[in-house]
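# Structural characterization, general
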Amino acid sequence: MTGLALVGALLGATFVALLSRALPARPSALVQLGRLDAAWRPTTLPTLQPGFGAGVLGRAGERLNVELARRGIGQARLRQDLALTGRDVQQVMGRKVLAAVAGLLITLVCLVTVQLTVGAPLPILTPLPVALIVAAGFFFLPDLEARNQAARRREDFRRALGAYLDLVALEMAGAAAPAQALTSAARIGNGWPFALLRDPLYRAHRSGNDPWTALTELGERIGVSELRDLGALVRLVSHDGARVRQTLTARAAAMRRRDLADAQGQAEERDVSMRLAQLVVAAGFMVFLAYPAIVNVLAI
């Protein structure tokens, strides 16, 4: 009994540590924007040393990142997802290592405990390959979490981008220059997508660079193809303000149609799922009504 209690305590502590790393606190949009700013522009100011756990995870993640880079694995998709969610790459890589180790230990402890207590006839080396398979699955759990969060934020950003393009076109219709219209329209919105747009535009304005190039780089960094393609397209007609305004208006209309089509598709999927649920409930109710009669007939 003491051994089982120790095994249960070890499993509970491992699960708590894994959940605390897999479900971190969600910072606000301003905090995430500050992290993006710190990652984009190196600084020489002194920083606070992280805690022991965060430092160990950071070093493990940095080591894993270096080893993957040496083998030509850049993980561009993961970096785009993390850039959009405002999370640190090294910490996420450290969490991947922690998740893999936790999956390995949990599987080994569970299989060995079952083998010792129940007396299951398992070969000696069976727990190790099973634990390695589970550890490989746990290794990709942070990737799935980051991908799901980034997918939701990309949808929000695309919807805000359509409204932003309409605002830019309205600013240009009021005799504003394209660069001025981009900055003025970004100041109107208060959400995190507009804050994310203001940051590269401000940098481009202060450094004298092309704002469309800054938007293209932003689209590449966060994995939003609409923004990347828009910046490359508008640079081709940037000498003609009327064509730029027409391009922005057409792209905003296309994005609205796409959002409407996606909303209609999701509504149809939910409608089909509701119909299937109704059919299952109806079938269960019919079985419930027919069960006594079937039992009586079989009992005769």
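In this text, all values refer to a predicted model and were calculated from it rather than measured experimentally.

What counts and what doesn't
- Residues numbered from 1 in each chain as written.
- Predicted model: local features only at pLDDT ≥ 70, side-chain atom pairs only at ≥ 80, totals over all residues.
- Heavy atoms only, no water.
- Helix = DSSP H or I, 4+ residues; strand = E, 2+ residues; numbered from the N terminus.
- Buried < 20%, exposed > 50% of the residue type's maximum accessible area, 1.4 Å probe, protein only.
- Contact = heavy atoms within 4.5 Å.
- Areas by Shrake-Rupley, 256 points an atom, 1.4 Å probe, with all protein chains shown as cover.
- pLDDT = per-residue confidence, 0-100.
- Core = buried A, V, L, I, M, F, W, Y, C linked by side-chain atoms within 4.5 Å.
- Patch = residues over 30% accessible without salt bridge, like charges linked within 9 Å, V, L, I, M, F, W, Y side chains within 5 Å.
- Salt bridge = Lys/Arg side-chain N within 4 Å of Asp/Glu carboxyl O.
- Polar contact = N/O pair within 3.5 Å; in protein donor to acceptor, adjacent residues only side chain to side chain.
- Axes fitted to C-alpha atoms, helices over the stretch in contact; angles between N-to-C directions.
- Parallel < 35°, antiparallel > 145°, perpendicular 65-115°, else oblique.
- Nonpolar A, V, L, I, M, F, W, Y, C, P; charged D, E, K, R; others polar.
- Phe/Tyr/Trp six-rings, centres within 6.5 Å; stacked < 30°, edge-to-face > 60°.
- Lys NZ or Arg CZ within 6 Å of the ring centre and 35° of its normal.

### Concerning the overall build of the protein
- Helix and strand content of the protein: 12 helices and 0 strands.
- The burial tally for the protein puts 32% of its 300 residues in the buried class.
- Nonlocal contacts in the protein, meaning residues at least 24 apart in sequence, comprise 68% of its contacts between residues at least 6 apart.
- Put simply, the protein shows about 18600 Å² of open surface, and 65% of that area lies on carbon and sulfur atoms.

### Structural notes on the confidence of the model for the protein
- Looking at the protein as a whole, its pLDDT mean stands at 77, while 78% of the residues score no less than 70.
- Helix α7 (residues 141-173) holds the highest mean pLDDT among the elements of the protein, 88, whereas helix α2 (residues 29-40) holds the lowest, 54.
- Across residues 40-53 the pLDDT falls below 50, and counting only partners more than four positions away or on other chains, this stretch makes 6 contacts in the model.

### Description of the nonpolar core
- Residues F157, Y164, L165, V168, L227 and L248 are the most contacted members of the largest nonpolar core, which totals 31 residues.
- Looking at this core, the elements that each hand over two or more residues are α7, α8 (178-188), α9 (192-207), α10 (211-222), α11 (225-236) and α12 (241-299).
- The greatest single-element share of this core, amounting to 8 residues, is contributed by α7.
- What L165 contacts, discounting residues up to four positions off in sequence, is L230, L248, R251, A252 and M255.
- One finds L64, L68, V89 and F139 within the second-largest nonpolar core, a separate group that totals 10 residues.

### Brief notes about a nonpolar patch on the surface
- Judged by side-chain polarity, F285, M286, F288 and L289 come together as a nonpolar surface patch covering roughly 470 Å² of accessible area.
- With respect to the helices and strands, the residue M286 is situated in helix α12.
- With a relative accessible area of 53%, M286 lands in the exposed category.

### Re the pattern of salt bridges
- Within this structure, the stated rule accounts for 13 salt bridges.
- Here R159 ties to D156 by a salt bridge, and the two come within 2.5 Å at their closest N and O atoms. With a gap of 3 residues between them, R159 and D156 both fall in helix α7, about one helical turn apart.
- Classification of R159 as partly exposed rests on a relative accessible area of 45%.
- R228 is the salt-bridge partner of D229, the closest N and O atoms lying 3.8 Å from each other.
- D229 gets classed as partly exposed once you look at its relative accessible area, which sits at 39%.
- One salt-bridge network, held together by shared partners, links E155, R158, E226, R258 and D262.

### Here's the deal with the side chain of T113
- Along the chain, T113 falls in helix α5 (residues 89-117).
- We classify T113 as buried; its relative accessible area is 18%.
- Of the polar contacts made by the side chain of T113, one reaches the backbone oxygen of V109; its length is 2.5 Å.

### Quick notes on helix α4 (residues 76-85)
- Along α4, the positions that sit buried rather than exposed are L78, D81, L82, A83, L84 and T85.
- Count one or two residues on from α4 and you reach G86, which has phi positive near 75°.

### Quick notes on the packing of α8 against α10
- Where α8 meets α10, the axes come as close as 10 Å, and the angle between the chain directions of the two elements is 45°. Taken as axis vectors, α8 and α10 run oblique relative to one another. Across from P178, A179 and L182 in α8, the residues of α10 making contact are P211, W212 and L215.
- Within the contact of α8 with α10, the residues separate by chemical class into 6 nonpolar, no polar and no charged.

### Brief notes about the side chain of T85
- When you line up the elements, T85 lands in helix α4.
- Separated by 3.0 Å, the side chain of T85 and the backbone oxygen of D81 make a polar contact.
- A distance of 3.3 Å separates a polar side-chain atom of T85 from the backbone oxygen of L82.

### A short note on the packing of aromatic side chains
- Inspection of the entire model under this criterion finds 3 aromatic pairs.
- Centroid distance Y164 to F194: 6.1 Å. Interplanar angle 80°. Geometry classified as edge-to-face. One end of the pair, Y164, is in helix α7; the other, F194, is in helix α9, with 30 residues separating them in the sequence.
- With relative accessibility at 1%, the residue Y164 sits in the buried group.
- Above the face of the F139 ring, K96 is positioned so that its terminal group lies 4.0 Å from the ring centre.
- Over the ring of W192 we find R153; its NZ or CZ atom is 3.9 Å from the centre of that ring.

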